[in-house]
Amino acid sequence: MALKADAILLLCGVTAGLPAVAAAADGERYDPYAKMVTGAHHYDMREVLQAGGKFVAEPVEQPDLSQLDAPPLSARASEPLAPGKLPEGWVQIGEVVQRREIAEGLKQVDPKPLPAWEDIEGNQYPRKGTVFLNFNGGILKSGADNSAESKSTLARHNHKYPVFNGSEATALTLIQAVQQDLESLGVRVLYLNRPSKTVPYTMAMIGGSWTDTNIGDPAGGVAPGTDCEDRDQRNVVYAFDSSSATISQEIAHAWGLDHTLGGDRIMSYQAGNNKHFGDNCQALCEEQCQGPGTIGCRLIHEIYCGEDSEQQNDLAELNKIFGTPEPDTEPPTVKLLPDSDLLELEVGESIEIKADIHDNYGGVGWRIKVSRDGVVALDEVDYDQVGAWYFTNLQAGVYEVVLEAEDHAEHVVQDQMKIVVGGASAPTTTDGGSEGEADTGDETAGVDDGSDTEDPGSASDGGTDGDSSGATDKGGCECRSSDQGAGGALVLPLLGLWFGHRARRRRTA
Ligand SMILES: [Zn+2]
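Conventions we followed
Residues numbered from 1 in each chain as written. Predicted model: local features only at pLDDT ≥ 70, side-chain atom pairs only at ≥ 80, totals over all residues. Heavy atoms only, no water. Buried < 20%, exposed > 50% of the residue type's maximum accessible area, 1.4 Å probe, protein only. Helix = DSSP H or I, 4+ residues; strand = E, 2+ residues; numbered from the N terminus. Contact = heavy atoms within 4.5 Å. 1 Å grid on protein atoms, 1.4 Å probe; cavity = no way out; pocket = protein on both sides within 12 Å on 5 of 7 lines; lining within 4 Å. Points joined across faces, edges and corners; volume = space filled by probe spheres on them. Nonpolar A, V, L, I, M, F, W, Y, C, P; charged D, E, K, R; others polar. Domains from an automatic or database assignment. Disulfide = S-S within 2.5 Å.

Undergrad: I tried to follow helix α6 (residues 298–305) on my own but got confused; where do I start?
TA: In an α-helix, one turn spans 3.6 residues; hence positions three or four apart end up facing the same way. Within α6 the residues assigned to the buried category are Arg298, Ile300, His301, Glu302 and Cys305. Elements in contact with the buried residues of α6: β15 (311–312) and α7 (314–322). Looking at the residues trailing α6, positive phi occurs at Gly306, about 100°.

Undergrad: What's the story with the layout of surface pockets in this structure? I'm lost.
TA: Leftover empty space is mapped by rolling, across the atoms, a probe with the size of a water molecule. Each pocket or cavity is described by its volume, and for the second largest pocket that value is around 230 Å³. Lining the second largest pocket are 19 residues, with Asp241, Thr246, Gln249, Ser268 and Tyr269 sitting closest to its centre. The leading source of residues in the lining of the second largest pocket is helix α5 (residues 244–253), at four residues. Among the residues making up the lining of the second largest pocket, the classes are represented as six nonpolar, nine polar and four charged. Looking at which domains feed residues into the lining of the second largest pocket, each of domain 2 (128–255) and domain 3 (259–320) supplies at least three.

Undergrad: I keep staring at empty space enclosed by the protein and nothing clicks. Help me out?
TA: On inspection of all chains with the given rule, the structure shows seven cavities of 30 Å³ or more. One number sums up the size of the second largest cavity: a volume of about 60 Å³. Considering the residues around the second largest cavity, the lining is formed by Arg127, Lys128, Gly129, Thr130, Pro200, Tyr201, Thr202, Asp230, Gln233, Trp255, Phe322 and His408. Of the residues contributing to the lining of the second largest cavity, the split by class is four nonpolar, five polar and three charged.

Undergrad: Help me understand the state of the cysteines, please; the structure alone is not making it clear to me.
TA: Any covalent bond linking the sulfur atoms of two cysteines counts as a disulfide. Applying the stated criterion across every chain yields a total of three disulfides. Put simply, Cys281 and Cys305 are joined by a disulfide, and their sulfur atoms are 2.1 Å apart. As the torsion about the S-S bond is roughly -90°, the Cys281-Cys305 disulfide counts as left-handed. You can see Cys281 sitting in the loop between α5 and β14 (282–283) and its partner Cys305 sitting in helix α6, a full 24 residues away along the chain. On the accessibility criterion, Cys305 (14% relative accessible area) is buried.

Structure, rendered in structure tokens:
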């Protein structure tokens with residue numbers, strides 16, 4: 001079916017369901033990191049407007065490397081804490097932490113996540129990536145990894161992670177070495193500026209000690225393992241000793257690499273010089289390193305080195321994820337749906353808004369901002385990559401909705417729309433002429449028959465969708481028209497549009 005819902009106004013008459021994580025239940029499709037969240041983000045706008053900024057993301061705290069030279073190092077020895085305790089369902093194996101079911105050999109991560117997961121914009125390979133090296137410590141929160149929010153499976157909740165116990169000069173040497181380790185990949189290494197929350201990144205905490213995390217046994221560094229092919233994208237890892245190889249190894253653990261043998265290898269425990277990621281199939285270090293059955297991403301390693309090879313090709317795997325370091329010169333494209341610059345609604349009504357985002361590489365992230373009468377009421381990153389927001393109980397006022405996407409080359413792009421609720425202060429429509437056809441200005445609820453043309457570039461996009469992917473999206477919102485006057489009832493197929501568009505993403509090598 002060809003969906004022409006871009007220009008259709010959606011009014012939802014009933015409550016949207018809460019997002020539910022669709023678990024990949026059976027063993028064959030097991031991948032705890034290839035999360036699929038269905039159903040729009042749901043906001044009661046009366047609640048949002050009364051929340052006093054609760055829905056507005058806090059600003060990003062920027063690093064300050066000059067802190068490393070003051071106070072003196074001698075004054076900075078962290079007080080050793082009692083060993084911590086990992087969250088339920090996780091076990092420590094040496095300096096990797098794994099999900100219990102994998103560590104105990106009950107499950108193996110599937111090399112092929114659900115096709116629908118791969119179709120979510122941002123998840124495709126190759127991606128561009130970002131590593132943020134954090135020397136300034138700070139308060140970390142316990143929870144599923146989210147570098148942007150300083151949340152980590154391995155964090156001691158609300159414990160202040162210490163500043164790196166070395167000089168700024170030492171830090172710069174480490175930074176340079178990590179940059180070299182990653183130089184053949186499409187990954188940037190940041191340390192003077194923390195990335196915005198919008199774009200996903202891996203954060204490495206540099207310094208501190210193992211007792212500054214929640215692991216129970218000593219280690220030189222620690223990372224959440226078995227996120228094969230970096231499906232999560234927002235992991236937090238730790239390097240306690242002042243070794244660049246430890247930093248790079250922990251980062252690569254969070255991208256799905258396991259330990260190998262070889263004193264010249266970053267992924268090895270063995271002492272050595274000039275460590276690097278290997279570009280050959282190298283023997284995995286299982287029994288000798290951490291015990292039997294502990295290779296977290298065995299089935300992925302086998303793609304490159306053969307079944308039962310017990311080997312891993314570091315760079316082949318990393319290049320699949322991050323490609324090569326050519327510059328990314330193409331910004332993402334963003335569009336808010338319904339595709340209308342101005343909507344008018346009655347007080348108390350609801351609306352679902354969707355995102356249509358494409359980028360030439362995987363790794364793009366996005367956020368939504370909603371202001372009422374010039375005051376920001378909501379500003380949240382769509383960490384779940386749902387691309388749909390359901391706003392109920394709209395209060396009177398003039399709203400501006402901004403969708404903002406960002407890639408790993410600092411391309412930040414926006415689309416926006418205005419929603420006038422309650423009519424009184426509605427400005428006359430000023431059609432900027434950017435759309436193919438003038439809005440008539442009376443595009444009130446439900447009257448749009450979908451005949452508005454989109455801009456030429458995306459019109460073909462919207463019209464050629466012959467598949468029925470829309471049917472697979474069990475969005476949380478059973479939508480009906482509101483009962484207000486204009487146009488009457490419409491049951492609209494807007495749900496599913498997101499998946500439909502995503503399925504046509506480009507794969508750019
Ligand atoms: Zn390791």
